[in-house]
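Observations on the model geometry
These are the residues of each chain, in order.
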Amino acid sequence: MTERRLTVAAALAQARARGVALLDARLLLGRLLGASPTWLIAHDEICLDAEVASHWAEDLERRAGGEPLAYLLGQKEFRGLLLDVTPATLIPRPETELLVDWADALLGGSAGCDVVDLGTGCGAIALAVKQAHPQARVVATDASPAALAVAQGNARRLSLLVEFIVASWWQGLEGRLFDLVLSNPPYVREDDPALDALRHEPTAALTPGGDGLGALAAIIGGAAAHLNADGWLVLEHGFDQAEPVRELLRKAGFAAIETRRDLAGHARAAAGQRAVP
Ligand code: GLN
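Now for a look at the structure at hand.

Contacts to the ligand come from L90, R93, E95, N184, P185, P186, Y187, V188, A205, L206 and E236. Here a nitrogen atom of the ligand and a side-chain polar atom of Y187 are 2.9 Å apart. Coverage of the ligand by the protein amounts to 87% of the 300 Å² it exposes when considered alone. For the shell around the ligand, a count of residues per class yields 7 nonpolar, 1 polar and 3 charged.

Structure (structure tokens):
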């Protein structure tokens, strides 16, 4: 039996039959063909060669199995930056832009501030801040050398100068002082059923275990020793963690404590200023 070559239209029909969204399918096929999704619309009679067809079958299988589109494409956009992502890094979320907006407002026009992004993953926060504030000296840390390598690659490709350090929260940053500390740490509860849908992303980037507050507590607990006078700490947290995070900030002696909501209306980030006695 001779098999007919697969056309773009037939390939997209296969995706539909597997429950893969049309836009996802167009982006995946476009990547394989080196073409834009719009080009595909105008060329749906083109035949896929054998190699593309086999990659397509693989992509379809993985996407239908729940693998995030960003890992299949190897990229995710964050605040206008196209970032490489791999399964070693969390996929940047739109709600994390709230943290960068907050950092933006705090940095204002100030020149030469020292900023750190703890647990940078693919580098999203650190790179977005550096992009918006070229004068800031930005440090990005991660406990995972594999994640840090992805972040470093992004910095190089985007020509953004950031210092990368392998560190586990404050361990590895001894003696370093900052004006602004930012972090989107793992904060999902260990028994949160939502973790199942996130199973393709690194567990260590999603949950610190237990009640989900361990990493936030470690960061808040050690922050005062790493903040310059009047320095700020800004953290992302879970939608139901606003009160415990404010309590941790209070206990650590922070002033001007504030919680902000993300675009979905969830309390999503908190900040405090180092109170100088
Ligand atoms: N916001 C992520 C989610 O989708 C969690 C990221 C994190 O733990 N920092 O739940």
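With that settled, consider the packing of helix α2 (residues 22-33) against helix α4 (residues 50-64). Running from N to C, α2 and α4 point in directions that differ by 150°, and their axes come no closer than 10 Å. Pair α2 / α4 crosses with right-handed handedness. Facing α2, whose interface residues are D24, A25, L28, L29, R31, L32 and L33, α4 presents V52, H55, W56, D59 and R63. Looking at the contact of α2 with α4, its residues break down into 7 nonpolar, 1 polar and 4 charged.

Tracing the backbone shows T207 in the loop between α9 (203-206) and α10 (214-223). A distance of 2.6 Å separates the side chain of T207 from the backbone oxygen of V188, its partner in a polar contact. Residue contacts for T207: discarding those within four places in its chain leaves P186, V188, R189, E190 and L195.

Strand pairs in the sheet, formed through backbone hydrogen bonds, run parallel or antiparallel to each other. One open sheet holds the 7 strands; their spatial order is β5-β4-β3-β6-β7-β9-β8, and the pairing between them is mixed. With one partner strand each, in any of the chains shown, β5 (163-166) and β8 (254-261) form the two edges of the open sheet. Here the strands of the sheet are splayed against their neighbours by 15° on average, with no regard to which way each runs. Relative to strand β9 (residues 267-274), β8 is paired through 6 bridges, and the arrangement is antiparallel. The residue bridging F254 from the neighbouring strand is R274, located in β9. Packing of helix α8 (residues 145-157) onto the sheet brings it into contact with β4 (137-142) and β5, and relative to β5 it is tilted by some 175°. Lying on the sheet, helix α11 (residues 242-251) is in contact with β7 (227-236), β8 and β9; it crosses β8 at an angle near 165°.

The rules behind these values
Residues numbered from 1 in each chain as written. Predicted model: local features only at pLDDT ≥ 70, side-chain atom pairs only at ≥ 80, totals over all residues. Heavy atoms only, no water. Near = heavy atom within 4 Å. Polar contact = N/O pair within 3.5 Å; in protein donor to acceptor, adjacent residues only side chain to side chain. Areas by Shrake-Rupley, 256 points an atom, 1.4 Å probe, with all protein chains shown as cover. Nonpolar A, V, L, I, M, F, W, Y, C, P; charged D, E, K, R; others polar. Axes fitted to C-alpha atoms, helices over the stretch in contact; angles between N-to-C directions. Helix = DSSP H or I, 4+ residues; strand = E, 2+ residues; numbered from the N terminus. Left-handed = near helix turned anticlockwise from the far one by under 90°. Contact = heavy atoms within 4.5 Å. Pairing = 2+ DSSP bridges.

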